[in-house]
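Okay, here's what each chain looks like letter by letter:
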Amino acid sequence: MAEQNTFLYALSSNNAWAGYKAHQNPSFFTKLASGQTPQILWLGCSDSRCPETTILGLQPGDIFVHRNIANIISPTDINTSAVIEYAVAHLKVKHVVLCGHSSCGGAAAALSDSRVGGVLDTWLTPLKAVRYAHADELAAITDDKKRTVRIAELNVEAGVKVLMANFTIQDAIRDRGLEVHGTLFDIASGRIRDLGFGTRGSVGFDGSSDEVVRGNHAQLVFGGGNAKMAVR
Ligand SMILES: [Zn+2]
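How each quantity is defined
Residues numbered from 1 in each chain as written. Predicted model: local features only at pLDDT ≥ 70, side-chain atom pairs only at ≥ 80, totals over all residues. Heavy atoms only, no water. UniProt positions renumbered as here; feature names shortened; annotations may be inferred. Pairing = 2+ DSSP bridges. Helix = DSSP H or I, 4+ residues; strand = E, 2+ residues; numbered from the N terminus. Axes fitted to C-alpha atoms, helices over the stretch in contact; angles between N-to-C directions. Contact = heavy atoms within 4.5 Å. Buried < 20%, exposed > 50% of the residue type's maximum accessible area, 1.4 Å probe, protein only. Core = buried A, V, L, I, M, F, W, Y, C linked by side-chain atoms within 4.5 Å. Donors = N, O, S within 2.8 Å, 3.2 Å for Na, K, Ca; no water.

The chain is annotated in an unreviewed UniProt entry as Carbonic anhydrase from Lasiosphaeris hirsuta. In its Catalytic activity (unreviewed entry) section, the UniProt record describing the chain reads: "hydrogencarbonate + H(+) = CO2 + H2O". The UniProt entry for the chain carries this comment under Sequence similarities (unreviewed entry): "Belongs to the beta-class carbonic anhydrase family."

What follows is the structure in structure tokens.
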């Protein structure tokens, strides 16, 4: 494939795929064209090795998606915020999944003291802040790959905190039991690990409305292997 035109190859691959899907299930595309009712909002990294629908073994129509470099959830990013609002308030997805991954170039860049250049350093600033907030723990990890995985986990934890403080998400948790999950995709094994951040410990969301109070920032509370949301 390397020597031929990659775009033309991709188009012919699409043609073969569409033919195969239509043959396998004649109503697949007709049904798909009638509308979408995805149950999952996926927030992930733009990395080419993390295509959410493929790695979850799901199909077109199953997942509403926002991906950016290093899956950074910034409350002031109108792009992320618009996707969250549409998915949660309008499509009424049942799960919000924030997924980081191993070998993340953005995570490695945030751990480096050199500049990437252009707008990229600005974009990675929240991840740099995660690095500085956990400087001692990260510095104590001698293996570069493990350190990159650890900052990716901490980044997901920080992102889940931002999600839990989002009013659209808080309303949906309270009103209809929306679940928020923090996860990490291990590229070397293809497996996704639930990091336990979010609404769901083994007890799950208890539906009590005073768990969420407007005007305060929700925090994750850990205990007994479970995570739940509380307001401090
Ligand atoms: Zn990445």
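Asker: Got a minute to help me understand the sheet that holds strand S2 (residues 63-68) in this structure?
Answerer: Strand pairing in a sheet is mediated by backbone hydrogen bonds. Such pairs are either parallel or antiparallel. Taken together, 5 strands build an open sheet; the order of strands is S2-S1-S3-S4-S5 and the sheet is mixed. A strand with exactly one partner marks an edge of an open sheet, and here the two such strands are S2 and strand S5 (191-198). Each strand of the sheet is rotated relative to its neighbour by a mean of 25 degrees, with strand direction disregarded. Of the strand pairs in this sheet, strand S1 (residues 40-45) and S2 are connected by 6 bridges, and their pairing is parallel. By the bridge assignment for S2, Leu 41 is matched with Phe 64. Each of S1, strand S3 (95-101), strand S4 (179-186) and S5 is contacted by helix H9 (residues 144-164), which is oriented at about 165 degrees to S4, the strand it contacts most.

Asker: Is there a simple way to explain unusual backbone geometry in this structure?
Answerer: Leave glycine aside and you will find that most residues have negative phi; peptide bonds, for their part, are mostly trans. In the Ramachandran plot, Ala 70 falls in the positive-phi region, its phi being about 70 degrees despite a non-glycine side chain. Locating Ala 70 in the fold gives a position in the loop between S2 and helix H4 (78-90). One non-glycine residue with positive phi stands out, namely Lys 92, at about 55 degrees. In this fold, Lys 92 is placed in the loop between H4 and S3.

Asker: Teacher, can you tell me more about the UniProt feature "binding site: Zn(2+)" (unreviewed entry) in the chain here?
Answerer: As annotated in UniProt, the feature "binding site: Zn(2+)" (unreviewed entry) corresponds to Cys 45, Asp 47, His 101 and Cys 104 in the numbering used here. For this annotated set, covering 60 residues, all C-alpha atoms fall within 9.0 Å of each other, a compact arrangement in space. Here Asp 47 lies in the loop between S1 and helix H3 (52-55). Judged by its relative accessible area of 14%, Asp 47 falls in the buried class.

Asker: Where do I start with the nonpolar core in this structure?
Answerer: Core analysis: the largest hydrophobic core is formed by 25 residues, its most contacted members being Leu 41 and Leu 163. Mapped by element, the contributors of at least two residues to this core are S1, H4, S3, H9, helix H10 (167-176), S4 and S5. Of all the elements, H9 adds the most residues to this core, at 5 residues. The contacts of Leu 163, once residues within four sequence positions are left out, are Leu 43, Ile 73, Ile 84, Val 96, Leu 98, Ile 169 and Val 180. Core analysis: the next-biggest nonpolar cluster, separate from the first, contains 14 residues, Cys 45, Ile 72, Ala 107 and Leu 111 among them.

Asker: Help me understand the coordination of the zinc ion, please; the structure alone is not making it clear to me.
Answerer: Six octahedral donors around a metal ideally subtend angles of 90 or 180 degrees, whereas four tetrahedral donors ideally subtend 109.5 degrees. Protein-derived coordination of the zinc ion comes from Cys 45 (SG), His 101 (NE2) and Cys 104 (SG), at a distance range of 2.0 to 2.3 Å. One chain supplies every donor for the zinc ion, spaced along it as C-x55-H-x2-C. Here Cys 45, found in strand S1, pairs with Cys 104, found in the loop between S3 and helix H5 (105-111); they are 59 residues apart in sequence, far enough to count as distant. Per residue, the accessibility class of Cys 45 equals that of Cys 104, and both read buried.

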